[in-house]
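# Fold and geometry: a report
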Amino acid sequence: MGKLRFFENDVYFLRNKYPKLYKILWTNTNPKFNYEDKYNMNVTYREYNDELELRKIEKEFILEIADSLTPDNSDLNEDGLKLEEIWDYA
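This text gives an overview of the structure that appears in the document. Remember, it's a predicted structure, so these values are computed and weren't measured experimentally.

## Thoughts on the packing of aromatic side chains
With the rule as written, the count across this model stands at four aromatic pairs. On the basis of an interplanar angle of 15 degrees and a centroid distance of 6.4 Å, the ring pair of F6 and F61 is categorised as stacked. One end of the pair, F6, is in strand β1 (residues 2-7); the other, F61, is in helix α3 (residues 51-66), with 55 residues separating them in the sequence. The buried category is assigned to F61, whose relative accessible area is 0%. Both rings, one in F13 and one in Y18, keep their centres 5.8 Å apart while their planes meet at 55 degrees; by these two values the pair is tilted. Of the two residues, F13 and Y18, neither departs from the other in class, the shared state being buried. Every member of this aromatic cluster is reached through a ring pair, and the members are F6, F61 and W87.

In structure tokens form, the structure reads like this:
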């Protein structure tokens, strides 16, 4: 049905900082990276088969972003901002 795109360094970030998201994205597959000349980056695609699967992934990203606040809960911390950037690109 469609694809989500992730840069290679973002996949490693997810694996190290947000293992729950990483597991949801690549439960039964390993990310395979393809070099794209247009961006000079290695990217991987996560294919999803139906709208419900995509909504589950989106929900988990939103929950993790919402939990990534600064100590005074006034803004997103550095990891939360990076996670938001990853989702916006995907």
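From this point, the narrative continues.
## What about the nonpolar core?
The biggest cluster of nonpolar side chains holds 20 residues, and the ones touching the most others in it are F6, L14 and F61. Elements represented by at least two residues in this core include exactly β1, α1 (8-17), α2 (19-25), α3 and α4 (78-89). Those residues in contact with L14, other than ones at most four positions away along the chain, are F6, P19, L21, Y22, L25, W26, F61, L83 and I86.

## A few points about the side chain of E60
Tracing the backbone through its elements, the reader meets E60 in helix α3. Taking relative accessible area as the criterion, E60 reaches 10% and is therefore assigned buried. In contact with E60, other than residues within four places in its own chain, are K20, L21 and I24.

## Quick notes on α3
The end-to-end C-alpha distance of α3, which contains 16 residues, comes to 22 Å, matching closely the 22 Å that a straight helix rising 1.5 Å per residue would cover. Buried within α3 are the following residues: L54, I57, E60, F61, E64 and I65. Looking straight down α3, one finds that the buried residues subtend no more than 135 degrees of arc, so they occupy a single side. Facing away from the buried side of α3, by more than 90 degrees, are the exposed residues L52 and K56.

## Here we look at α1
Taken as a whole, α1 has its buried residues at D10, V11, F13 and L14. Buried residues along α1 cover an arc of 160 degrees about the axis, so they all sit on one side.

Conventions adopted
Residues numbered from 1 in each chain as written. Predicted model: local features only at pLDDT ≥ 70, side-chain atom pairs only at ≥ 80, totals over all residues. Heavy atoms only, no water. Phe/Tyr/Trp six-rings, centres within 6.5 Å; stacked < 30°, edge-to-face > 60°. Helix = DSSP H or I, 4+ residues; strand = E, 2+ residues; numbered from the N terminus. Buried < 20%, exposed > 50% of the residue type's maximum accessible area, 1.4 Å probe, protein only. Core = buried A, V, L, I, M, F, W, Y, C linked by side-chain atoms within 4.5 Å. Contact = heavy atoms within 4.5 Å. Expected span 1.5 Å × (residues − 1). Arc of directions from axis to C-beta.

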